[in-house]
Amino acid sequence: NSDPRTADVEGVELLGERQMKFLGDWVGDWRGARMKAVLSQTIFTAMATTHGGNRERLVADYDTNGWPQKSRNEALRLIRKAFAVHIAGDQHLPAIVHYGIDEHRDGPIAFAGPAVNVGYPRWWEPAQPGRNRAPGDSELTGDFTDSFGHPLTVMAVANGAIKPSGTILERLQQKASGLGVVRFDKPNRKITIECWPFLADPSKEGTQFPGWPVTFSMTENYARKPSAWLPIFQVSGLADPLIEVSQESNGDLVYAQRIPGNSHQPGVFEAGNYTVRFSEPETGKSKEIKGIRAGEKTGEKIQVTF
């Protein structure tokens, strides 16, 4: 009968004022960057359901960054503005999850890498199969709600054995110890996450944990569905320009990303006027277009020449 709202204590911080300011500055700083990642000790959701050698169900796992909920959501709203993937550890449960903030899959994607030596064991054993999973996918994947009330989508997970046996190394393998690798395909803005059991031979095909590797587009780290669109911008004179989209009503940055190529149509999440800024952060070249009205998706084009 745990009420997740009791964890959302007013005035309690998750990252703290200095880290939140750093994140806000970092979201807009793309010097030398084509893609972005956030590293932290642990993931921002309470995913594991079963804990410890006695296999106890833990209803509210405070050993995660899923709480306090308001502070957690503020951090993820900043992180997704940079289309950043989240890389973490600590859970002793290798998994890829797609965070939800207001709804499923509207936040960044996170990889909780496996421990090299799993000590304290955790398992993902949801009471019901995941919703909206692809045909043939494991019932452990799909849409769920975590114990703090957050929408949670599990893309891949590797549970360890309940009673490992054999040699020390064999027991490590059975407990889902292993190694994770995150690969960034900068020209195509894609991310591939690989995950191997402790004793696997990475040089051989088919030796990763079931469900891996997982490849997704960088833009899936801000997969919130647009409700309005700006015109198609065609940029000449810059390679892989940075685009920053800001609301004119409050000056807030909606998002920033380096786009591959020279053509892009930004989606936004509410009607209104927007400012779009294109730049090359390394040289300081920039151009800004103000007063662009968001509306239905059309073929309207705006040429931006440097």
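So, here's what we can say about the structure. Just so we're clear, the structure is a prediction, and the values are computed from it rather than from any experiment.

Reading the values: the criteria
- Residues numbered from 1 in each chain as written.
- Predicted model: local features only at pLDDT ≥ 70, side-chain atom pairs only at ≥ 80, totals over all residues.
- Heavy atoms only, no water.
- Pairing = 2+ DSSP bridges.
- Helix = DSSP H or I, 4+ residues; strand = E, 2+ residues; numbered from the N terminus.
- Core = buried A, V, L, I, M, F, W, Y, C linked by side-chain atoms within 4.5 Å.
- Buried < 20%, exposed > 50% of the residue type's maximum accessible area, 1.4 Å probe, protein only.
- Contact = heavy atoms within 4.5 Å.
- Axes fitted to C-alpha atoms, helices over the stretch in contact; angles between N-to-C directions.
- Arc of directions from axis to C-beta.
- Phe/Tyr/Trp six-rings, centres within 6.5 Å; stacked < 30°, edge-to-face > 60°.
- Lys NZ or Arg CZ within 6 Å of the ring centre and 35° of its normal.

Reading across the sheet, the three strands line up as β3-β2-β7 and stay open at both edges, with antiparallel pairing between neighbours. What marks the edges here is a single partner per strand, and that holds for β3 (56–57) and β7 (122–123). Pairing of strand β2 (residues 50–51) with β7 involves two bridges; the strand directions are antiparallel. Bridge pairing in β7 places His51 opposite Arg122.

Our next topic: the nonpolar core. Ile96, Trp212, Leu230, Val245, Val276 and Phe278 are the most contacted members of the largest nonpolar core, which totals 37 residues. Mapped onto this core, the elements with two or more residues apiece are β4 (85–88), β6 (109–112), β11 (190–197), β12 (214–217), β14 (232–236), β15 (242–247), β16 (253–258) and β19 (273–280). Setting aside its immediate chain neighbours within four residues, Phe278 contacts Phe233, Val235, Pro241, Leu242, Ile243, Ile259, Lys285, Ser286, Lys287, Ile289, Val304 and Phe306.

The subject of this paragraph is the sheet that holds strand β10 (residues 178–185). Ordered in space as β10-β11-β12, the three strands form an open sheet in which the pairing is antiparallel. Two strands lie at the open edges of the sheet, namely β10 and β12, each paired on one side alone. With strand direction ignored, the average angle separating the axes of adjacent strands in the sheet is 15°. The pairing of β11 with β12 spans four bridges and is antiparallel. In the strand pairing of β12, Ile193 is matched with Val214.

Here we take up helix α1 (residues 17–27). Listed in full, the buried residues belonging to α1 are Leu23, Trp26 and Val27. Looking straight down α1, one finds its buried side chains confined to an arc of 95°; they lie on one side. Set apart from the buried face of α1 by more than 90 degrees, the exposed residues are Glu17, Arg18 and Lys21. Buried positions along α1 lie against β1 (37–39), α2 (69–80) and β16.

Turning our attention to the side chain of Thr49. Note on placement: Thr49 falls in the loop between β1 and β2. In this structure Thr49 comes out as buried when scored by relative accessible area, which is 12%. When near neighbours in sequence (up to four residues on either side) are disregarded, Thr49 contacts Glu56, Arg57, Leu58, Trp123, Trp124, Glu125 and Pro126.

The next subject is the packing of aromatic side chains. In the structure shown here, the tally under the stated rule is ten aromatic pairs. Taking the centre distance of 6.2 Å and the plane angle of 80° together, the rings of Tyr222 and Tyr255 count as edge-to-face. Residue Tyr222 is found in the loop between β12 and β13 (228–229), and its partner Tyr255 is found in strand β16; the two are separated by 33 residues along the sequence. Residue Tyr222 is classed as buried on the basis of its relative accessible area, which comes to 8%. Its relative accessible area of 4% is what places Tyr255 among the buried residues. One aromatic cluster is present, formed by Phe83, Tyr222, Tyr255 and Phe269 through successive ring pairs. Across from the ring centre of Trp123, 4.6 Å away, lies the NZ or CZ of Arg55, which sits over that ring.

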